[in-house]
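# Architecture and fold: a report
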Amino acid sequence: HAKINDSPALKTGLISATTVGGMDRSELYYQDFLSNDSRNAYIDSYDCADSTEKIASLLNIHDYVTTISTACSSAANAIMLGARMIRAGRLDRVIAGGCESLTKFHLLGFNALKILDQEPCKPFDQNRAGINLGEGAAYLVLESEESLLTSGNTPLCEVIGWGNSCEAFHQTASSPDGNGAYLAMQKALDMSGLSPADIDYINAHGTGTDNNDLSEGRAIEKLFGEHMPLVSSTKPFTGHTTSAAGSTEAILSILCLQNQVVWPNLNFRERIEELNFSPVQKLLTGVPVKVVMSNSFGFGGNDTTLIFRKFNAENADNVENAG
């Protein structure tokens, strides 16, 4: 769609995010590896950077290639880093996103934390019981204004703000008062130059765990107050794709802007008693959505927020464009 191969003179980077890497294959052949070397190619794929290098080789990208691994905020951080590289003049365009495979390690690890819901997950519900894991891959092409003049592409939207915080409250849990989430959203809002009232919809991190949903909900209420936008989590549709969640949900956010819709928060029944808002409960169509905030919060308190705005040629100055 972005015609990557049509403009070889543009300085292009690849920033790919993953946590599990090639573990879905390497874990199957570990016993073979101990006794013979016939499966070494699968063992080598264990490294998180292996998939990144394979994508770069396939697309013939050499200007800048790196891997991000910050758990559930990984893909959002890949997009943020890509935008920063463009803004700094280091690259003209960046393929940024994440991929994640579903493995026994993945499942057993989250099960050990006792945060897997055996039923379809229900984010922001009083009776939420944990996450559903998913897998997948999603990537955006970010371009500078100068790059767009060369490629001739029409942007799908603009990336106008990003913010990252690392509160390091706990190895896996978010702080009860949502300090990290609040700081990430506030930073992104400050960069965008917008006010809370300008955000039309928040694609929340919304994992369905007791800790995350209350922490994120408190942070949203603290930041937005009386200017509460529409809020929902799309993880009941996709499962929690962990390192790919930030880019998967970025694409869902962009589809909101393109189609003027807001996704429902599936399986919601009862508002969390400590919060004063409820998420969107049915598909909203014909909604005037101009600005979407997308949250991705990772283990260790590595929290990232991205803000996307519907493309308008009149306000396209000094921003990075997503295609």
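These lines cover the structure that appears in this document, whether it is placed above or below. All values reported here derive from a predicted model rather than from experimental measurement. (Residues numbered from 1 in each chain as written. Predicted model: local features only at pLDDT ≥ 70, side-chain atom pairs only at ≥ 80, totals over all residues. Heavy atoms only, no water.)

Counting residues in each nonpolar core, the largest one holds 34 residues, and the members touching the most others are Ile 79, Leu 140, Leu 142, Leu 306 and Phe 308. Among the secondary structure elements, those contributing two or more residues to this core are β1 (12–17), α5 (74–87), β3 (93–100), β4 (136–143), β5 (157–166), α11 (245–259), β8 (261–262) and β11 (302–310). The element that contributes the greatest number of residues to this core is α5, accounting for eight residues. Each residue touching Phe 308, except ones within four places of it in the same chain, is listed here: Leu 140, Cys 157, Glu 158, Val 159, Ala 250, Ser 253, Ile 254, Leu 257, Lys 290, Val 291, Val 292 and Ser 294. Membership of the second largest hydrophobic core comes to 23 residues, among which are Ile 199, Leu 214, Phe 224 and Val 291. (Core = buried A, V, L, I, M, F, W, Y, C linked by side-chain atoms within 4.5 Å. Buried < 20%, exposed > 50% of the residue type's maximum accessible area, 1.4 Å probe, protein only. Helix = DSSP H or I, 4+ residues; strand = E, 2+ residues; numbered from the N terminus. Contact = heavy atoms within 4.5 Å.)

Once that is clear, we can look at the pairing of β5. Buried residues dominate β5, accounting for eight of its ten residues. Here β5 runs beside β11; their pairing, made up of nine bridges, is antiparallel. Paired with Cys 166 across the bridge in β11 is Asn 302. (Pairing = 2+ DSSP bridges.)

For the rest of this paragraph, the subject is helix α9 (residues 210–224). Along its 15 residues, α9 runs 21 Å from first to last C-alpha, staying within 8% of the 21 Å computed at 1.5 Å per residue. Taken across its 15 residues, α9 has eleven buried, putting it largely inside the fold. Among the residues of α9, those classed as buried are Asn 212, Asp 213, Leu 214, Ser 215, Glu 216, Gly 217, Ala 219, Ile 220, Glu 221, Leu 223 and Phe 224. Looking at the packing, one finds that the buried side of α9 touches α8 (179–192), β6 (201–203), β7 (230–232) and β10 (291–298). Once α9 ends, the next one or two residues include Gly 225, with phi positive near 50°. (Expected span 1.5 Å × (residues − 1).)

What follows is about unusual backbone geometry. Although it is not a glycine, Gln 260 adopts a positive phi angle of roughly 55°. Here Gln 260 is to be found in the loop between α11 and β8.

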